[in-house]
Amino acid sequence: MNVFDAPGITAVGLLYEVHAALSTRFAAQFEEHDLSPVEFEVLTRLARSPNNQLRMTDLAAQTTLSTSGVTRVVDRMERDGLLTRRACPSDRRSSFAVVTDAGLKRLNEVLPGHLRMIEEWFTGQLDPKSLEALLDALRQIRDAVHPCATAGSGSQSGEADEPAA
């Protein structure tokens, strides 16, 4: 058997292709709303978290950003009025990133079109049973390769912790 025909190579190749194609479509739509993909991810993760907030370290753990990368993104989004920082009452060294009303408004402007794109190009391509199986498989793989992806979310199952992007 040719090593390039191995199911693992095919699976990872397909995952890369789907991710790249969806990311390109999503980025263009986010740009229409003056957001970068990482800003959309940050807003979404915060909006899906208890009290619309996460500790900065948990936000870094949930994203592909370093702690300094999260600080830079939050600084920029705070300047734009989309987020604010709040001191952590139980740990003076830590702070929360919190979505502002303006951030929620921007997210709510983006979401209808984003959800249409997700339905058209991703979830709508699958029947409900296939989608459920895909979600289960993705969670299993995510938990193995990125166990901190739900850090600070308050959820053990991870079901509400994936970004919409």
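What you see is a predicted model, and the numbers here were worked out from it, not measured in a lab. (Residues numbered from 1 in each chain as written. Predicted model: local features only at pLDDT ≥ 70, side-chain atom pairs only at ≥ 80, totals over all residues. Heavy atoms only, no water.)

*Asks:* I would appreciate a short explanation of the overall build of the protein chain in the present structure.
*Replies:* Of regular secondary structure, the protein chain possesses 6 helices and 3 strands. Ordered by position in the sequence, the α and β elements of the protein chain form the string α-α-β-α-α-β-β-α-α. For the C-alpha atoms alone, the extent of the protein chain along its principal axes is close to 55 × 35 × 25 Å. Taken over 165 residues, the protein chain has a buried fraction of 35%. A fraction of 55% describes how many contacts in the protein chain between residues 6 or more apart in sequence connect residues 24 or more apart. Put simply, the protein chain shows about 10100 Å² of open surface, and 57% of that area lies on carbon and sulfur atoms. Charge-centre separation for the protein chain: the mean point of 17 positive side chains lies 7 Å from the mean point of 23 negative side chains. (Helix = DSSP H or I, 4+ residues; strand = E, 2+ residues; numbered from the N terminus. Buried < 20%, exposed > 50% of the residue type's maximum accessible area, 1.4 Å probe, protein only. Contact = heavy atoms within 4.5 Å. Areas by Shrake-Rupley, 256 points an atom, 1.4 Å probe, with all protein chains shown as cover. Lys, Arg positive; Asp, Glu negative; His and termini not counted. Charge placed at Lys NZ, Arg CZ, Asp CG, Glu CD.)

*Asks:* Is there a simple way to think about the packing of aromatic side chains in this case?
*Replies:* Aromatic rings in a pair are described by how distant their centres are and how their planes are angled relative to each other. In total, this model carries 2 aromatic pairs according to the counting rule given. Geometrically, the ring pair formed by Phe 26 and Phe 30 is tilted, given 6.3 Å between the ring centres and 35 degrees between the ring planes. Placement of the pair is Phe 26 and Phe 30 together in helix α1 (residues 7-32), with a separation of 4 residues, close to one helical turn. With respect to burial, Phe 26 and Phe 30 carry one shared label: buried. Chaining the aromatic ring pairs together yields one cluster made of Phe 26, Phe 30 and Phe 40. The cationic tip of Arg 25 hangs over the ring face of Trp 121; the distance from NZ or CZ to the ring centre is 3.7 Å. (Phe/Tyr/Trp six-rings, centres within 6.5 Å; stacked < 30°, edge-to-face > 60°. Lys NZ or Arg CZ within 6 Å of the ring centre and 35° of its normal.)

*Asks:* It is not clear to me how the sheet that holds strand β1 (residues 53-55) should be interpreted in this structure. Could you clarify?
*Replies:* Backbone-to-backbone hydrogen bonds join strands into a sheet, with any given pair of strands oriented parallel or antiparallel. Taking strand neighbours across the sheet as the criterion, the 3 strands line up as β1-β3-β2 in an open arrangement whose pairing is antiparallel. In this open sheet, the two edge strands, each paired with only one partner strand, are β1 and β2 (83-87). Shown here is a sheet whose adjacent strand axes are inclined to one another by a mean of 25 degrees, direction ignored. Examined bridge by bridge, β2 and strand β3 (residues 95-99) share 5 bridges and lie antiparallel to one another. Among the inter-strand pairings, Ala 87 is bridged to a residue of β3, identified as Ser 95. Relative to β3, helix α2 (residues 37-47) is tilted by about 100 degrees, and along the sheet it contacts β1, β2 and β3. (Pairing = 2+ DSSP bridges. Axes fitted to C-alpha atoms, helices over the stretch in contact; angles between N-to-C directions.)

*Asks:* Please explain the pattern of salt bridges as it appears in this structure.
*Replies:* A side chain with one charge may pair with a side chain of the opposite charge, provided their charged atoms come close. In the structure shown here, the tally under the stated rule is 8 salt bridges. Measuring nitrogen to oxygen at the nearest pair gives 3.0 Å for the salt bridge that ties Arg 45 to Glu 41. With Arg 45 and Glu 41 both in helix α2, this residue pair falls 4 residues apart, about one helical turn. Taken as a pair, Arg 45 and Glu 41 share a single burial class, namely buried. Salt bridges here are not isolated pairs; linked through shared partners, they connect Asp 75, Glu 78 and Arg 85. (Salt bridge = Lys/Arg side-chain N within 4 Å of Asp/Glu carboxyl O.)

*Asks:* Any chance you could explain the environment of Glu 31 here in plain terms?
*Replies:* Examined against the element boundaries, Glu 31 turns out to sit in helix α1. In this structure the C-alpha to C-alpha distance between Glu 31 and Val 110, which are 79 residues apart in sequence, comes to 9.8 Å.

*Asks:* Even after reading the chapter, I still don't get the UniProt feature "domain: HTH marR-type" (unreviewed entry) in the protein chain, so can you show me in this structure?
*Replies:* Per the UniProt annotation, the sites labelled "domain: HTH marR-type" (unreviewed entry) are residues 8-143. Counting secondary structure, residues 8-143 comes out at 68% helix and 10% strand; the distance between its end C-alpha atoms is 18 Å. (UniProt positions renumbered as here; feature names shortened; annotations may be inferred.)

*Asks:* Which parts of the structure should I look at to understand the side chain of Gln 62?
*Replies:* By the element assignment, Gln 62 lies in helix α3 (residues 56-62). In this structure Gln 62 comes out as buried when scored by relative accessible area, which is 3%. Here the side chain of Gln 62 touches Arg 45 through a polar contact of 3.1 Å, side chain to side chain. In this structure, Gln 62 is in contact with Glu 41, Arg 45, Leu 54, His 146, Cys 148, Ala 149, Thr 150, Ala 151 and Ser 153, ignoring residues within four places of it in sequence. (Polar contact = N/O pair within 3.5 Å; in protein donor to acceptor, adjacent residues only side chain to side chain.)

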